[in-house]
Amino acid sequence: MTQQGEASAAKAPKASPALAEPSALPPDARRALRLGLLLMALLRVVYHVAFVLYDPFALVSFSDGQLYEQAARDIVAHAPLGTQPFYLQGLYAYLLALGMSLHTAILNALLLQLLVAACALWLFARAARSVLGPWLGSLSTLVLLCYPNVAFYENKYLSVALGIACNVTVLWAFVTFDRKPSAGRALLLGVCSGLSVLGRANLLLALPMSAWAVWLSCRARQRLPSPVLLGFAAGVLLALAPMAARNLVVTGHPDVLPSHGGGIPFYIGNNPHANGRWNDAGGLLTGQVDLERDQLAQGLGITGQGRALDDALGKALYRRAFGYIVSQPGPWLALEAQKLWCTLGNHDFVRDYDLFGERELLGDLPLPMGIPFGVLLGLGALGLWILHTQSRGNAPGALQRRALFWVLLGQLVAVLAANVLWFSSAQNRVPLAIPLAFAAGPAVLALAKRVDRKLQTPWPGPASWTAIALCGILCAQAFWPRMDSYRASSVHYYNLANVEETLGRGEDALAHYRLAAEHNPRQPMFRLREAHLARLLGKRERAEQALGSLRALQSVPPIIRKAAAREQRLLDQAP
């Protein structure tokens, strides 16, 4: 080789090393992998089309989605800033507003959301194939496609899909940076990391680990890390600055997080009545998110309006939550263990949308199916262990693997912390699928080698059977039941009734309010909504019956009792 050629080779950036990538898969394995990717992609498209055409939840938002829609309509009506503080994540409200800017129907926003989800899957595949190699990267992508909850939340009016897309973008930006570290590419990684914080506030916890990964990548290439880290920090600030400026103009406060600062979900997860999942905090919350501000203000004795009221509510609930933690540390630690137990299991704890309820609505139409969460957890943990064992030492390849490990670990820890420190739910847990699926490709191949010796896959280290055993334990524990019932929840029927009522399907809504009450007779809100709708439909006897059932309940929150008394007065005044 000439001196000029040697110099060019020395300057050329090295590609990120593949993780236990075989030189080639057997032809049958390659065909099966391609067929699996094609089949899962087609099933995903068919599922989303079926949801849009046949599921009433595609036409109307509710719960958190209703607040997002209100914020989006405010942005569209008073473009580009809107006039109200963001009670929930503002970035998702802007995504909905972008979809609704051409036509006000919220279904247009859903179609845009599905496009964003598809782009995120494509970026995931590109990043995985770049780092892991073409076959392992495709295998990781197949694992992600086989986890049904990702597809399930891609078409829901929640910020989950956008949060997942932001996480994937961070991975893609890191892979791009790691190929050839520079201040410009670090700036791009910082922008994507800042957007992930706007998508899901808990991703703040991942920023230090991403910064550490940037430092490791620079060290692997013998680059000076200071300007690159400055570029990363500048990118984060650049992503956060527009939201801070918008909120400064609208509310007078340069915040980037929801206006209540997370105090409401923190108290839901840390109060004397908490069970690790969503709860009404001893009757403080009724579940009617659109009325949550007023109900909390009344329950806590707080006055104010707009951003000031949200801030006061958040601070008051943080004080209550920390008061509970300090006064009862033992029960609180047991509660944290319960949250972790809920998070690591296969059961999807319902907060808004319900997979079992959707199966009832769509019947024989295609639904998301695939591997349960515990299997994804076991495979991802094994893959992370393989990545960690291959990152030992200070060789450039080892440092690059270590950098990737820290990026994946950051996303994993941030999502787990949100589920443990706040509360666990299906939608809060879904972003774990991104780092776990990314690491799952090497794990699947390593396990396959134990079955088929033709796969010339190097196995990292002597403790392989210990790692496999731990992988098996994680998979097995997830099948331990977390709940007694695996059918559609009362919350599903209540939300369905709300949607049907909005669509003008009064009789259907009344039937589902009754069904929700039958599934959970102790929830007074179900009876209250049934009585309200029955009165509007002129069904006096049905309304009286629902109000009577409500009055017979124990521990009905004062807010609901007051609303029930009002319904009774209106019923008595009716001709």
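Residues numbered from 1 in each chain as written. Predicted model: local features only at pLDDT ≥ 70, side-chain atom pairs only at ≥ 80, totals over all residues. Heavy atoms only, no water.

**What about the overall build of the protein?**
Alright, step 1. Along the backbone of the protein there are 26 helices and zero strands.
Alright, step 2. Relative to the 2.2 N^0.38 estimate, which gives 25 Å for 575 residues, the radius of gyration of the protein is 25 Å and therefore close to what a compact globule would have.
Alright, step 3. If you line up the protein on its principal axes, its C-alpha atoms span 100 × 55 × 55 Å.
Alright, step 4. For the protein, buried positions account for 56% of its 575 residues.
Alright, step 5. Considering only residue pairs separated by 6 or more positions, the protein has 74% of its internal contacts joining residues 24 or more positions apart.
Alright, step 6. Counting every atom, the protein has about 24900 Å² of accessible surface; 63% of that belongs to carbon and sulfur.
Alright, step 7. When the 51 basic and 35 acidic side-chain charges of the protein are each reduced to a single mean position, those positions are 11 Å apart. (Helix = DSSP H or I, 4+ residues; strand = E, 2+ residues; numbered from the N terminus. Rg over C-alpha atoms; globule rule 2.2 N^0.38 Å. Buried < 20%, exposed > 50% of the residue type's maximum accessible area, 1.4 Å probe, protein only. Contact = heavy atoms within 4.5 Å. Areas by Shrake-Rupley, 256 points an atom, 1.4 Å probe, with all protein chains shown as cover. Lys, Arg positive; Asp, Glu negative; His and termini not counted. Charge placed at Lys NZ, Arg CZ, Asp CG, Glu CD.)

**Let's talk about a nonpolar patch on the surface**
Alright, step 1. The grouping of Val45, Val49, Leu53, Tyr54 and Leu365 at the surface amounts to a nonpolar patch, some 480 Å² of accessible area in total.
Alright, step 2. Assignment of secondary structure puts Leu53 in helix 2 (residues 27–54).
Alright, step 3. Since its relative accessible area comes to 57%, Leu53 is described here as exposed. (Patch = residues over 30% accessible without salt bridge, like charges linked within 9 Å, V, L, I, M, F, W, Y side chains within 5 Å. Salt bridge = Lys/Arg side-chain N within 4 Å of Asp/Glu carboxyl O.)

**Looking at the packing of helix 25 (residues 540–551) against helix 26 (residues 558–573)**
Alright, step 1. Where helix 25 meets helix 26, the axes come as close as 11 Å, and the angle between the chain directions of the two elements is 150°. Judged by the inter-axis angle, helix 25 sits roughly antiparallel to helix 26. The interaxial crossing formed by helix 25 with helix 26 has left-handed handedness. Residues Arg540, Ala543, Glu544, Leu547, Leu550 and Arg551 of helix 25 pack against Ile560, Arg561, Ala564, Glu567, Gln568, Leu571 and Asp572 of helix 26.
Alright, step 2. Of the residues that constitute the contact of helix 25 with helix 26, the class distribution is six nonpolar, one polar and six charged. (Axes fitted to C-alpha atoms, helices over the stretch in contact; angles between N-to-C directions. Parallel < 35°, antiparallel > 145°, perpendicular 65-115°, else oblique. Left-handed = near helix turned anticlockwise from the far one by under 90°. Nonpolar A, V, L, I, M, F, W, Y, C, P; charged D, E, K, R; others polar.)

**Overview of unusual backbone geometry**
Comment: phi is negative for the bulk of residues other than glycine, and the bulk of peptide bonds are trans.
Alright, step 1. The residue after Ala79, namely Pro80, is reached through a cis peptide bond having omega 0°.
Alright, step 2. Note that Pro80 resides in the loop between helix 3 (63–77) and helix 4 (90–100).
Alright, step 3. A positive phi angle, close to 50°, is found at Ser63, a residue other than glycine.
Alright, step 4. Its location among the elements puts Ser63 in helix 3.
Alright, step 5. Judged by its relative accessible area of 16%, Ser63 is buried.
Alright, step 6. The residue Ala281 is not glycine, and still its phi comes out positive at about 55°.

**Observations concerning the packing of aromatic side chains**
Alright, step 1. Within this structure, the stated rule accounts for 17 aromatic pairs.
Alright, step 2. Arranged with centres 5.3 Å apart and planes meeting at 40°, the rings of Phe266 and Tyr318 form a pair that is tilted. Here Phe266, found in helix 12 (residues 263–269), pairs with Tyr318, found in helix 14 (residues 306–327); they are 52 residues apart in sequence, far enough to count as distant.
Alright, step 3. When its relative accessible area of 23% is taken as the criterion, Tyr318 is described as partly exposed.
Alright, step 4. Considering the side-chain rings of Phe266 and Phe322, the 5.2 Å spacing of their centres and the 40° angle between planes classify their relative orientation as tilted. (Phe/Tyr/Trp six-rings, centres within 6.5 Å; stacked < 30°, edge-to-face > 60°.)

**Looking at the pattern of salt bridges**
Alright, step 1. Applying the stated criterion across every chain yields a total of 16 salt bridges.
Alright, step 2. The partner of Lys539 in a salt bridge is Glu507, with the nearest N and O atoms 3.4 Å apart. With a gap of 32 residues between them, Lys539 in the loop between helix 24 (524–536) and helix 25 and Glu507 in helix 23 (residues 506–519) connect regions that are remote in the sequence.
Alright, step 3. Between Glu530 and Arg514 there is a salt bridge, with its nearest N and O atoms 2.7 Å apart. Taken together, the residues span a long stretch of sequence, with Glu530 in helix 24 and Arg514 in helix 23 at a distance of 16 residues.
Alright, step 4. Among the residues examined, Glu530 registers a relative accessible area of 0% and is labelled buried.

**What to know about the packing of helix 24 against helix 25**
Alright, step 1. One way to put it is that helix 24 packs onto helix 25 with a least axis distance of 8 Å and a crossing angle of 160°. Our classification of the angle between helix 24 and helix 25 gives roughly antiparallel. For the pair helix 24 and helix 25, the crossing hand works out as left-handed. Of helix 25, the residues touching helix 24 (which contributes Pro524, Arg527, Leu528, Glu530, Ala531, Ala534 and Arg535) are Arg542, Ala543, Ala546, Leu547, Ser549 and Leu550.

**Section: the confidence of the model for the protein**
Alright, step 1. Across the protein, the average pLDDT comes to 88, with 93% of residues at 70 or higher.
Alright, step 2. Low pLDDT (under 50) marks residues 1–18, which in the prediction has 20 contacts with non-local residues, meaning those over four places away or in another chain. (pLDDT = per-residue confidence, 0-100.)

**A closer look at helix 6 (residues 134–145)**
It helps to recall that an α-helix has 3.6 residues per turn; residues three or four apart then point in one direction.
Alright, step 1. Here helix 6 is twelve residues long and its end C-alpha atoms lie 16 Å apart, about the 16 Å a rise of 1.5 Å per residue gives.
Alright, step 2. Along helix 6, eleven of the twelve residues are buried, which leaves the element largely enclosed by surrounding structure.
Alright, step 3. Every buried residue of helix 6 is accounted for by Trp135, Leu136, Gly137, Ser138, Leu139, Ser140, Thr141, Leu142, Val143, Leu144 and Leu145. (Expected span 1.5 Å × (residues − 1).)

**Things to note about the nonpolar core**
Alright, step 1. One finds Phe124, Leu144, Phe174, Leu296, Leu376, Leu408 and Phe438 to be the most contacted residues of the largest nonpolar core, which totals 138 residues.
Alright, step 2. Considering each element in turn, this core owes the most residues, twelve residues, to helix 8 (residues 160–179). (Core = buried A, V, L, I, M, F, W, Y, C linked by side-chain atoms within 4.5 Å.)

**Concerning the side chain of His512**
Alright, step 1. Of note, His512 is situated in helix 23.
Alright, step 2. Within the structure, the side chain of His512 is placed 3.0 Å from the backbone oxygen of Asp508, a separation counted as a polar contact.
Alright, step 3. Ignoring sequence-local partners within four residues, the contact set of His512 consists of Tyr493, Leu496, Ala497 and Glu500. (Polar contact = N/O pair within 3.5 Å; in protein donor to acceptor, adjacent residues only side chain to side chain.)

**Some details on the environment of Arg482**
Alright, step 1. Here Arg482 is to be found in the loop between helix 21 (464–477) and helix 22 (490–502).
Alright, step 2. Take Arg482: its relative accessible area is 12%, and that puts it in the buried class.
Alright, step 3. Sequence separation between Arg482 and His347 is 135 residues; the distance between their C-alpha atoms is 6.4 Å.
Alright, step 4. Beyond its immediate stretch of four places on either side in the chain, Arg482 contacts Trp341, Cys342, Leu344, Gly345, His347, Phe349 and Gln477.

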